[in-house]
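# What the coordinates show
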Amino acid sequence: MKKMYYYIIAFPVFLFMVLLYPVSAKAAFVSPFAVTIGGVEYILSEDGKTGAAHARIDTVRGENLPSELYIPDKVEYNGKKYQVKSFSWGEMDDYFIDRDDPEYYLVENGYTSLWKKTITIPDKEHSYHACLEKITFAKGVHVEGPVYGYDKLKKVVFENPKNMINALYSKCPKLKRLYLPDSIRPSAIDISNCPSLQVAIDKNNKKLKVIGKDIYSKDGKILYIVVNGKKTYRVRKGVTIVASKALWGNETIENLYLSDEMFTGAWVGAMPNLKKIRFGKNTKYFDWSDLDHAVPIKRLDFPKKTREFRVLFRNVRPGAVKKVYVRAESLKEKVWWVKMPLGTIPEDITFYVKNKKVKRQLRDMYGFQGKIIIKKKMKRYDKLK
């Protein structure tokens, strides 16, 4: 009877300890929570004795936000120190076309994001987008994310430049200088519409260099980024490739001249002011997808060597093009790339061709059912302005 009494007493105590254990264990871990310190929002997390912080400012709103910020490597909250490991300018999905978006494209040796054509910043007048002029990052704070629409931002300073994970800048009109470390790669850079910006790249970077204001491959043959451009922009002699995001969304360029060393065109999507493009005289093929997203070009002229038309994306929206002049005597019959499916070229476009053969090829090979006019005498391509 006495032994049974011990069991009766011991069992509830044991059960209580079992139920208490997960509560005690859980109490050692605190879910991440947000606090604002010195005008910066920090996401704090802790597990036992360690503490980490992630900083951001895109969510902060206020009446009198500071014009200068310093992001430290440590912050203190409620008597506990947290190491600031990272800073994000914003969520990629808010500024870039998402992979799940039907407008997402396969470019540049794999998937890459492109700036959205339309971006809205909620309550911008009470955000850092409207007032931030300078921001400095302490050593050890890894920085990434899109820097978009910071109207007064002039300086971005890294105490350790290698902490720059990517350089994604657009529509920062007063930003003066940006230093890119030797570790940064072409895929981590997307800079556009920053008219005051001068980029510098560490001389030890093995893939990139700056020529003028723009970013090129080390050998100068690939144009990776046009930081801003001019109304009339001429791609440098010797450039053989214009990368897919080099011109995307550029709002300055109106007349684009490609180099004669290029054997194809360039992706000029979402360029709202582009009125003219002159292809290099050695252009061998043209991808209709280059004009996607309603570029306002009304006329296309191709040199004699352009004998092949391709399409990378099925749902192409070529914008305002109404006239296309093809100077080739014949088109290439065996096309290794994707042929343009029936209906890819809008039928309200008029093609001007040299002879009946090219007319037949446009009908048979590309399924074009619109108007085709034979124009034996066309202005020489090298005489076009």
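The structure under discussion appears in the preceding block.
So, a few notes on the structure that sits alongside this text. (Residues numbered from 1 in each chain as written. Predicted model: local features only at pLDDT ≥ 70, side-chain atom pairs only at ≥ 80, totals over all residues. Heavy atoms only, no water.)

## Points about the sheet that holds strand E28 (residues 350-353)
Reading across from one edge, E25-E27-E28-E29 is the order of the four strands in this open sheet, with parallel pairing throughout. The outermost strands of the open sheet, each flanked by one partner alone, are strand E25 (299-302) and strand E29 (371-374). Pairwise comparison of adjacent strand axes, ignoring direction, gives a mean angle of 15 degrees for this sheet. Pairing analysis gives four bridges linking E28 to E29, with the strands arranged parallel. Residue pairing in the sheet places Thr350 in a bridge with Lys371 of E29. The strands touched by helix H4 (residues 356-366) within the sheet are strand E27 (323-326), E28 and E29, with E29 carrying the most contacts at an inclination of about 165 degrees. (Pairing = 2+ DSSP bridges. Helix = DSSP H or I, 4+ residues; strand = E, 2+ residues; numbered from the N terminus. Axes fitted to C-alpha atoms, helices over the stretch in contact; angles between N-to-C directions. Contact = heavy atoms within 4.5 Å.)

## A look at the side chain of Glu41
Relative to the assigned elements, Glu41 resides in strand E2 (residues 40-47). Looking at Glu41, its side chain comes within polar contact range of the side chain of Arg56, at 2.5 Å. Within the structure, the side chain of Glu41 is placed 2.6 Å from the side chain of Thr59, a separation counted as a polar contact. Non-local contacts of Glu41, meaning those with residues more than four positions away in its chain, are made with Ala34, Val35, Thr36, His54, Ala55, Arg56, Thr59 and Val60. (Polar contact = N/O pair within 3.5 Å; in protein donor to acceptor, adjacent residues only side chain to side chain.)

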